[in-house]
Each structure stands twice: as structure tokens, then as C-alpha cells.
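# Chain and residue survey
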Amino acid sequence: MNSIPYSRQWIDEDDIKAVESVLRTDLITQGSKPQEFERDLAGYCGGKYCVVFNSGTSALHAAYFACGLERNDEFITSPVSFVASSNAGLYLGAQPVFVDVDGDTGNIDVSKIEEKITERTKLIVPIHYSGHPVDMEKIFNLAQKYGISVIEDACHALGARYKGDKIGQCNLSDMAVLSFHPVKHVTTGEGGAVVTNNESYYQKLLMFRSHGVTKENLMNKSEGDWYYEMHSLGYNYRMTDIQAALGISQLKKLDAFVERRRRVAKAYNKVFKDNPYFDIPQERNYAGSSYHLYPIRIMDPYKNRKKEIFAMLKAKKLGVQVHYIPIYLQPYYQGLGYRKGLCPKAEDFYKRELSIPLYPALSDEEVEYVVKTISNVFNTLQEDVH
Ligand SMILES: *Cc1c(COP(=O)(O)O)cnc(C)c1O
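## Side note on the site of the ligand
- Close contacts around the ligand come from 13 residues, with Thr57, Asp153, His156, Ser179 and Lys184 the closest.
- A distance of 2.5 Å is found between an oxygen atom of the ligand and a side-chain nitrogen or oxygen belonging to threonine 57.
- Residue histidine 156 places a side-chain N or O atom 2.9 Å away from an oxygen atom belonging to the ligand.
- With the chains in place, 92% of the 380 Å² that the ligand exposes on its own is no longer accessible.
- Because more than half of its atoms lie within 2 Å of the grid, the ligand is assigned to the second largest pocket.
- In terms of residue count, the dominant contributor to the shell around the ligand is helix H3 (residues 56–66) (three residues).
- In terms of residue class, the shell around the ligand is made up of four nonpolar, seven polar and two charged.

## Concerning helix H8 (residues 254–272)
- Here H8 spans 27 Å end to end across 19 residues, near enough to the 27 Å set by a 1.5 Å rise per residue.
- Here H8 has its buried residues at Leu254, Phe257, Val258, Arg260, Arg261, Val264, Ala265, Tyr268 and Phe272. Around the axis of H8, the buried residues are gathered within 160 degrees of arc, so they sit on the same side. Away from its buried face, by an angle of more than 90 degrees, H8 presents the exposed residues Ala256, Lys266 and Lys270.
- Two residues or fewer past H8, aspartate 274 is found with a positive phi of approximately 60 degrees.

## A short note on the nonpolar core
- Counting 45 residues, the largest nonpolar core has Phe37, Leu41, Ile113, Leu178 and Phe180 as its most contacted members.
- Those elements that place two or more of their residues in this core are helix H2 (33–45), strand S1 (49–53), helix H5 (136–146), strand S8 (175–179), strand S9 (192–196), helix H7 (241–251) and H8.
- It is H2 that provides the largest number of residues to this core, a total of five residues.
- Residue contributions to this core reach at least three from each of two domains, namely domain 1 (13–251) and domain 2 (254–385).
- Among residues more than four places away in sequence, those in contact with leucine 178 are Leu41, Cys45, Gly56, Ala154, Cys155, Leu158, Gly191, Gly192, Ala193 and Val195.
- Ile4, Tyr291, Ile298 and Leu313 belong to the second largest nonpolar core, which has 31 residues in total.

## Looking at the pairing of S1
- The element S1 is extensively covered by neighbouring structure, given that five of its five residues are classed as buried.
- By the alternation rule, side chains of S1 split into Tyr49, Val51 and Phe53 and Cys50 and Val52, which are all buried.
- The pairing of S1 with S9 spans five bridges and is classified as antiparallel. Within S9, the position partnered with tyrosine 49 by the bridge is threonine 196.

## Quick look at the packing of aromatic side chains
- Following the criterion strictly, the structure yields 23 aromatic pairs and no others.
- With a centroid separation of 6.1 Å and an interplanar angle of 35 degrees, the aromatic rings of tyrosine 268 and phenylalanine 272 are classed as tilted. Highlighted residues: tyrosine 268 and phenylalanine 272, both in helix H8, separated by four residues, approximately one helical turn. Per residue, the accessibility class of tyrosine 268 equals that of phenylalanine 272, and both read buried.
- When the ring centre of tyrosine 44 is taken as reference, the NZ or CZ atom of lysine 166 above it lies at 4.4 Å.

## Section: a nonpolar patch on the surface
- Together, Val213, Tyr228, Met230 and Leu233 give the surface a local cluster of nonpolar side chains, amounting to about 430 Å² of exposed area.
- Inspection of the secondary structure puts leucine 233 in the loop between strand S11 (229–230) and H7.

## Let's talk about the domain arrangement of the protein chain
- Split into domains, the protein chain comes out as domain 1 (13–251) and domain 2 (254–385).
- The gap between the C-alpha centroids of domain 1 and domain 2 is 27 Å.
- Each partner contributes to the interface: domain 1 provides 44 residues, whereas domain 2 provides 36 residues.
- With both sides pooled, the region where domain 1 packs onto domain 2 buries about 3,300 Å², and carbon together with sulfur makes up 59% of that total.
- If you look at where domain 1 meets domain 2, you find three salt bridges.
- Between aspartate 102 and arginine 284 there is a salt bridge, with the nearest N and O atoms lying 3.2 Å from each other.
- Across the contact surface, domain 1 and domain 2 share 26 residue pairs in polar contact (both at pLDDT 80 or more).
- At the level of elements, helix H4 (84–90), strand S3 (95–98), strand S6 (161–162) and H7 are the ones that each hand at least two residues to the side of domain 1 that touches domain 2.
- With four residues, the single largest contributor to the side of domain 1 that touches domain 2 is H4.

Procedures and definitions
- Residues numbered from 1 in each chain as written.
- Predicted model: local features only at pLDDT ≥ 70, side-chain atom pairs only at ≥ 80, totals over all residues.
- Heavy atoms only, no water.
- Near = heavy atom within 4 Å.
- Polar contact = N/O pair within 3.5 Å; in protein donor to acceptor, adjacent residues only side chain to side chain.
- Areas by Shrake-Rupley, 256 points an atom, 1.4 Å probe, with all protein chains shown as cover.
- 1 Å grid on protein atoms, 1.4 Å probe; cavity = no way out; pocket = protein on both sides within 12 Å on 5 of 7 lines; lining within 4 Å.
- Sits in = over half its atoms within 2 Å of the grid points.
- Helix = DSSP H or I, 4+ residues; strand = E, 2+ residues; numbered from the N terminus.
- Nonpolar A, V, L, I, M, F, W, Y, C, P; charged D, E, K, R; others polar.
- Expected span 1.5 Å × (residues − 1).
- Buried < 20%, exposed > 50% of the residue type's maximum accessible area, 1.4 Å probe, protein only.
- Arc of directions from axis to C-beta.
- Core = buried A, V, L, I, M, F, W, Y, C linked by side-chain atoms within 4.5 Å.
- Domains from an automatic or database assignment.
- Contact = heavy atoms within 4.5 Å.
- Pairing = 2+ DSSP bridges.
- Phe/Tyr/Trp six-rings, centres within 6.5 Å; stacked < 30°, edge-to-face > 60°.
- Lys NZ or Arg CZ within 6 Å of the ring centre and 35° of its normal.
- Patch = residues over 30% accessible without salt bridge, like charges linked within 9 Å, V, L, I, M, F, W, Y side chains within 5 Å.
- Salt bridge = Lys/Arg side-chain N within 4 Å of Asp/Glu carboxyl O.
- Buried area = accessible area lost by both parts, 1.4 Å probe.

Structure (C-alpha cells):
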């Protein structure tokens, strides 16, 4: 058996044809494909507007900018995430305030947010860790009470549901951010998107993506058809037509991909339920997870042996990964003054967490191999203890 990664893309012949056909046209960037992908994404999520970007990280940067996050503002977020969700605020000179997580879901502990709100708090960024939605109603209520924006980092959660509604519908947030990295639900190689129902955010996102340049609402008189104006400082964060064509093709399979992820998760649940070595992910009654990850949490007698477990699984060609090293423990963040002990549950979660392979292209045979290998490795540990 070839080695099994913790996640990977699923590209079919029709995806390749979609990319190939763009390569045969004149416009391989700035053509019509990104807009078509935006329409499809907004339609899928049930949001009004969508803007695609060249990465999930640039989409986060644009979303934080669009909601008005600025130098010296604070934004509340979770340390159990990829560094990008916090870094995007640093790009704007704002200060991340980390709130500890729920040891069970790995999501931000909504009961601990209010105590961290100050007059400088501009934004709350919940991350739907592993594809399991955060309890958004509680965050929405806090945001209303204090006049704060909410941006969902939904990079794990395309295809997930909160109380029956699709993530990205944005009825309890200002914007939702998606990523199309190959480990995510659908891929464009690199890529991302912001979904919103707010037209003013939409306009800002478009400007930010393309140098802050516009041909509309001109400040001066047009000097001719070539004329454009730069109204704000933007970037080149555009997605190419090559990427968008791949995204359009991939999005058609999203529901099937999520369905397959959920089936694999169910198979794992069945075997690993009540095992003596690790806790398995649980869905809260309000949540329909899109299972970007299957995060197991190693129990007490074994949690200090994760390094060894990780190496044993790797030796058996089983790709596992750890999500995540708490962001503020990164040396760069330590340099900004954050200290160990800030979020004890996040640090404990990091000690225990292991993501085992979960992706739609995983075959039944591979699922069986994963189950057998993990069971064997943990059983070996127990023999050592006795
Ligand atoms: C993948 C991801 C991102 C964005 O990453 P890109 O690689 O830039 O697309 C942001 N936040 C989280 C939680 C992610 O998993």
C-alpha cells in the first residue's frame, strides 16, 4: 500500500478538461471564470455576494480590511487555528486577543468571549475548527450587543451546516472566508473567497483585490476610456481563470465530497467509539460537520507519548498531522509578548490532538488499513504499560 496522507485533493478528468479549455483561450486571468465561480459559490452557500482571491489568507486580509479593522484595534480569535487567521489582522496593525477553546470541539469557547471585549474590540473571528461549526447565535448576540463585526474563518467548513443553514449564508455574521488549498473541501491549487450579504463590504473587497483601482464612482472627470483611479491602497490578490475553472468544476462535486467525508467519519466513529486510548470528534446537536479533519485527542496515560505514536504511524505509512500548535506559542508571537499559559485548554488540546486521514478519495480498503494500523499502534502502547 502507498502511504496515506492526512488529506489530499481529488482531481478527475473533467477538472483537467476544464482547466485545459481555459488554457486554450485568450484570457487566462481577468476573464469571466472568476465571476462565474463567484456566482456558483454564492449560490451554493446562500450568500448574496462572493469575491474570490488567490488564497484563503488574502481573502482573510481583505475581509478584515473591509470590516474596517485598523492599527491599534483588537480582534478576538482562537489560538487553535492556522496562523493565517491571526496573521491577517497583524497585516493591518491590529492586535489579536486569543480566547481559550472548548476542549471537546477545539472551537473558541463562546462563554469566554465577553470578558475579553474592550472598547478597542472591532471584530470577532470564530474558526469552525475541523468543519464543526461554532455556536454562531451566541457570537451574533454578543456582536449585536457591543457593535462588533463577525468574520467566520470558514476555511474548514465549506459544506457544513449550523442549525440546518449552510455555513457561508452569513445570516449571523458579516462575512465568511473560504480556502481552496488542496487539503480543503474543493481546490483551485491555491485560492480563497469571501462571502457576504453586505454590498458595501462587497465593493471594498473588489477594490482591495485589485490595487484599490476602479473605473466607477470617479473622483475626477474621466480623461478617456483608458481612465481609472486608485482610491485606496490595495493588492494584487486576484484568482486566475485557470484556477477559477478548476473551482467551478470542483464545486459540482462538493456535496458528494462532503458526503464521503461524513461516511468515512462514521466508519471511524463506529470502530473507535469508547476506545480506551483517545476521544473521537462529536457533533453538537446544532451542527452538521463537513469533517475537514478527524481530530482524535489522546487520553491521559498516553498523551505524553504523542511523538512516539506519530512516528509509529508514519513508519506504517499513515500520514497523520497535528492541528494546531497554538498560534501564540509561535516564536514570532512570543516576540510580540504573548506567553505560554495564556490559553491552557488550547495548549492541552495541542498536546493530545492528532488528525488521522480523512478525505473523499480515501477508499474503503484504505479506511480499513487506517483503522487496523491505529488500533495496532495504540494496542502496542498498552502492552508497554503492563
Ligand atoms: C487553510 C486555512 C486558511 C487559509 O489558508 P490558505 O492556504 O491561504 O488558503 C485560513 N485559516 C484556516 C483555519 C485554514 O485552515
